[in-house]
Amino acid sequence: MNVTAGGTAILGYAGGAVLLRYTGPQGVFAVAACLTALGAAVVAATVREHSVRLTRRPGLRQTRRTNAELFAHPGRRALLLALWVPNGLIVGCEALFISYDPGHAGTFLAAGSAGMLLGDLVVGRLLTAGRRRRHTVALRLLLAAPFLLFAVHPPAPVLAVAVFVASTGFAATLPLQERLLELTPEAIRGQVQGVEAAGRMTWQGLGAAIAGGLAQYLGAGTAIALAAAASLAVTLLARPFRPAGGDRPH
């Protein structure tokens with residue numbers, strides 16, 4: 001899914017640039033709306049539910065109780081923090097590309113998508129599970145460190161390379177998700193995946209809001225660097241969790 005999303009984003013930026021040249025912003029949005037509607041119609045007409053479902057849908061009380069169980073485990077809390085906050089702050093950096101340099105923002109966004117695609121391919125396909133886990137912190141640091149360059153305003157090609165290299169660090173999500181599932185009882189793994197995805201999307205919005213608020217007062221370049229520094233700090237300060245024998249899911 002990550003590889004598909006990264007590849008589609010690259011094609012989307014390229015196709016959007018061509019449309020923007022010939023149809024203008026309104027044409028781009030019109031085409032995007034039509035394609036989204038077509039995709040929704042295809043899904044509605046062809047996709048069928050094949051998974052095993054509960055005979056009775058869980059109510060709000062059971063959902064809250066399960067969420068409380070998820071967050072009661074210190075290892076799961078630490079992993080969710082690592083999955084949500086550093087990613088969200090870097091998405092906040094990306095949200096300022098247009099404010100920072102309108103003429104090269106598309107290049108930065110495309111470079112980020114290409115880097116994410118490469119990172120997922122390498123980490124997901126070429127590394128073993130053990131090597132993925134050993135490189136998790138390094139990938140998290142790589143995700144944020146290159147964005148510090150925005151504070152000194154180097155040439156746009158340098159920043160595009162920095163964004164590309166940094167975005168390979170998004171692949172740290174893969175070993176973190178693997179570890180999260182290992183620490184979660186099988187009966188509630190579906191719910192923990194939903195909690196993780198919802199929190200990640202929420203923090204992406206919060207990261208954009210935080211970075212945008214900083215940019216109002218400090219400028220886009222400084223705001224990007226500060227958000228990246230905060231991402232680095234969270235990665236360094238979040239204590240890695242190493243389970244003892246009694247911490248296995250049951």
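Since this is a predicted model, take the numbers as computed values, not measurements.

**A word on the overall build of the protein**
Part 1 of the argument: Tallying secondary structure elements over the protein gives 11 helices and zero strands in all.
Part 2 of the argument: Secondary structure elements in the protein, listed N-terminal to C-terminal, are α-α-α-α-α-α-α-α-α-α-α.
Part 3 of the argument: Here the C-alpha atoms of the protein give a radius of gyration of 20 Å, agreeing with the 18 Å that 2.2 N^0.38 yields for 250 residues.
Part 4 of the argument: Dimensions along the principal axes, computed over C-alpha positions, put the protein at roughly 55 × 45 × 40 Å.
Part 5 of the argument: Scored against the burial criterion, the 250 residues of the protein give a buried share of 35%.
Part 6 of the argument: Contacts in the protein between residues far apart in sequence, at least 24 positions, make up 82% of those at least 6 positions apart.

**Some thoughts on the packing of helix α3 (residues 74-94) against helix α9 (residues 173-182)**
Part 1 of the argument: The interhelical angle for the contact between α3 and α9, taken along N-to-C directions, is 155°, at an axis separation of 9 Å. Between α3 and α9, the crossing angle belongs to the class labelled roughly antiparallel. In this structure, α3 crosses over α9, and the sense of that crossing is left-handed. Of the residues in α9, those touching α3 at R76, L79, L80, A82, L83 and N87 are T173, L176, Q177, R179 and L180.

**Things to note about the packing of α3 against helix α11 (residues 220-237)**
Part 1 of the argument: Close contact between α3 and α11 brings their axes to 9 Å; oriented N to C, the two are set at 170°. Between α3 and α11, the angle falls in the class roughly antiparallel. Contact with α3, carried on its side by V85, P86, L89, I90 and C93, involves I224, A227, A228, A230, S231, V234 and T235 of α11 and no other residues of that element.
Part 2 of the argument: Here the residues of the contact of α3 with α11 are counted per class, giving 10 nonpolar, two polar and no charged.

**Re the pattern of salt bridges**
Part 1 of the argument: By the definition in use, this model includes four salt bridges.
Part 2 of the argument: A salt bridge links R133 to E182; the nearest nitrogen and oxygen atoms lie 2.9 Å apart. Within this pair, whereas R133 is found in helix α6 (residues 129-134), its partner E182 is found in helix α9, the two being separated by 49 residues in sequence.
Part 3 of the argument: Look at R133 and you get partly exposed, because its relative accessible area is 40%.
Part 4 of the argument: Its relative accessible area of 28% is what places E182 among the partly exposed residues.
Part 5 of the argument: A salt bridge links R179 to E182; its shortest N-O distance comes to 2.7 Å. Within this pair, R179 and its partner E182 are both found in helix α9, separated by three residues, close to a single helical turn.

**Describing the environment of H104**
Part 1 of the argument: Looking at where H104 falls in the secondary structure, it is placed in the loop between α4 (97-100) and α5 (105-126).
Part 2 of the argument: Spatially, the C-alpha atom of H104 lies 32 Å from that of L126, the residues being 22 residues apart in sequence.

**Notes on the packing of aromatic side chains**
Part 1 of the argument: According to the stated counting rule, one finds six aromatic pairs in the structure shown.
Part 2 of the argument: Between the aromatic rings of F97 and F150, the centroid separation amounts to 5.8 Å while the plane-to-plane angle is 20°, which identifies the pairing as stacked. Here F150 lies in the loop between α7 (136-144) and α8 (156-167) and F97 lies in helix α4, a separation of 53 residues in the sequence.
Part 3 of the argument: Its relative accessible area of 1% is what places F97 among the buried residues.
Part 4 of the argument: When its relative accessible area of 0% is taken as the criterion, F150 is described as buried.
Part 5 of the argument: Where F147 meets F150, the ring centres are 5.9 Å apart and the plane angle is 15°; that geometry is what we call stacked.
Part 6 of the argument: Within the aromatic cluster, the residues linked to one another by ring pairs are F97, Y100, F108, F147 and F150.

**Structural notes on the side chain of S231**
Part 1 of the argument: Here S231 shows up in helix α11.
Part 2 of the argument: Under the relative-accessibility criterion, S231 is labelled buried at 0%.
Part 3 of the argument: Each residue touching S231, except ones within four places of it in the same chain, is listed here: P86, L89, I90 and A144.

**Thoughts on the confidence of the model for the protein**
Part 1 of the argument: In the predicted model, the protein carries a mean pLDDT of 85, and the fraction of residues at 70 or more is 90%.
Part 2 of the argument: Per-element confidence in the protein is highest for α8, whose mean pLDDT is 95, and lowest for helix α2 (residues 60-72), whose mean pLDDT is 75.
Part 3 of the argument: Every residue in residues 241-250 is under pLDDT 50, and counting partners more than four places away or in other chains gives 15 contacts.

Conventions we followed
- Residues numbered from 1 in each chain as written.
- Predicted model: local features only at pLDDT ≥ 70, side-chain atom pairs only at ≥ 80, totals over all residues.
- Heavy atoms only, no water.
- Helix = DSSP H or I, 4+ residues; strand = E, 2+ residues; numbered from the N terminus.
- Rg over C-alpha atoms; globule rule 2.2 N^0.38 Å.
- Buried < 20%, exposed > 50% of the residue type's maximum accessible area, 1.4 Å probe, protein only.
- Contact = heavy atoms within 4.5 Å.
- Axes fitted to C-alpha atoms, helices over the stretch in contact; angles between N-to-C directions.
- Parallel < 35°, antiparallel > 145°, perpendicular 65-115°, else oblique.
- Left-handed = near helix turned anticlockwise from the far one by under 90°.
- Nonpolar A, V, L, I, M, F, W, Y, C, P; charged D, E, K, R; others polar.
- Salt bridge = Lys/Arg side-chain N within 4 Å of Asp/Glu carboxyl O.
- Phe/Tyr/Trp six-rings, centres within 6.5 Å; stacked < 30°, edge-to-face > 60°.
- pLDDT = per-residue confidence, 0-100.

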